[in-house]
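Chain by chain, the residues:
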Amino acid sequence: SAYLLIPCVAAFVGWFTNYLAVQMIFYPIQYKGLSLWRKQEVPLGLIGWQGIVPCKTKTMSQTMVHMVTTQLLNVEKVFRRLDPNVVADTLAPEVP
């Protein structure tokens, strides 16, 4: 009977740590806590926390754009394939 409890407890602990890790990676989106001492791009302050991904959004997006434009796509070829009239029609409702 005690031996049946071990895998159940281990499964719960494993599930809980994975759940907590995912929550800490993505949430909270805004810093929660006291901003007494906090560096930019660091999710942990003196008293508080911000999710790792929301905290590093700027760095991650710059890295992604650089990688895509230098290694995956040729920007000149992409712009050559665009039809200016279609782009203008698509963007016109969004531009004041």
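Just above, that's the structure.
Residues numbered from 1 in each chain as written. Predicted model: local features only at pLDDT ≥ 70, side-chain atom pairs only at ≥ 80, totals over all residues. Heavy atoms only, no water.

**Focus on the pattern of salt bridges**
Pairs can form between side chains of opposite charge whenever their charged atoms are close.
For step 1, the next point in the chain: Counted under the stated rule, the structure contains one salt bridge.
For step 2, the next point in the chain: For Glu 76, the salt bridge goes to Arg 80, with nearest N and O atoms at 3.6 Å. Of this pair, Glu 76 and Arg 80 both sit in helix H4 (residues 75-81), four residues apart, which is roughly one turn of the helix. Comparing Glu 76 with Arg 80, the two get one shared label, exposed. (Salt bridge = Lys/Arg side-chain N within 4 Å of Asp/Glu carboxyl O. Helix = DSSP H or I, 4+ residues; strand = E, 2+ residues; numbered from the N terminus. Buried < 20%, exposed > 50% of the residue type's maximum accessible area, 1.4 Å probe, protein only.)

**Focus: the environment of Lys 32**
For step 1, the next point in the chain: Tracing the chain through its elements places Lys 32 in strand S1 (residues 32-34).
For step 2, the next point in the chain: Given the relative accessible area of 55%, Lys 32 is considered exposed.
For step 3, the next point in the chain: Counting along the chain gives 15 residues from Lys 32 to Ile 47, while the straight-line C-alpha distance between them is 8.6 Å.
For step 4, the next point in the chain: The contact partners of Lys 32, leaving out residues within four places of it in the chain, are Ile 47, Gly 48 and Trp 49. (Contact = heavy atoms within 4.5 Å.)

**Regarding the packing of aromatic side chains**
For step 1, the next point in the chain: Counted according to the given criterion, the structure contains three aromatic pairs.
For step 2, the next point in the chain: With a centroid separation of 6.0 Å and 35° between ring planes, the pair formed by Phe 12 and Trp 15 is classed as tilted. With Phe 12 and Trp 15 both in helix H1 (residues 2-26), this residue pair falls three residues apart, about one helical turn. Take Phe 12 and Trp 15: they sit in the same class, and that class is exposed.
For step 3, the next point in the chain: Here Trp 15 and Tyr 19 contribute two aromatic rings whose centre-to-centre distance is 5.5 Å and whose plane-to-plane angle is 15°, an arrangement assigned as stacked. On the criterion of helical spacing, the pair formed by Trp 15 and Tyr 19 is a turn pair, its members being four residues apart in helix H1. (Phe/Tyr/Trp six-rings, centres within 6.5 Å; stacked < 30°, edge-to-face > 60°.)

The values reported here are purely geometric and, on their own, carry no functional implication.
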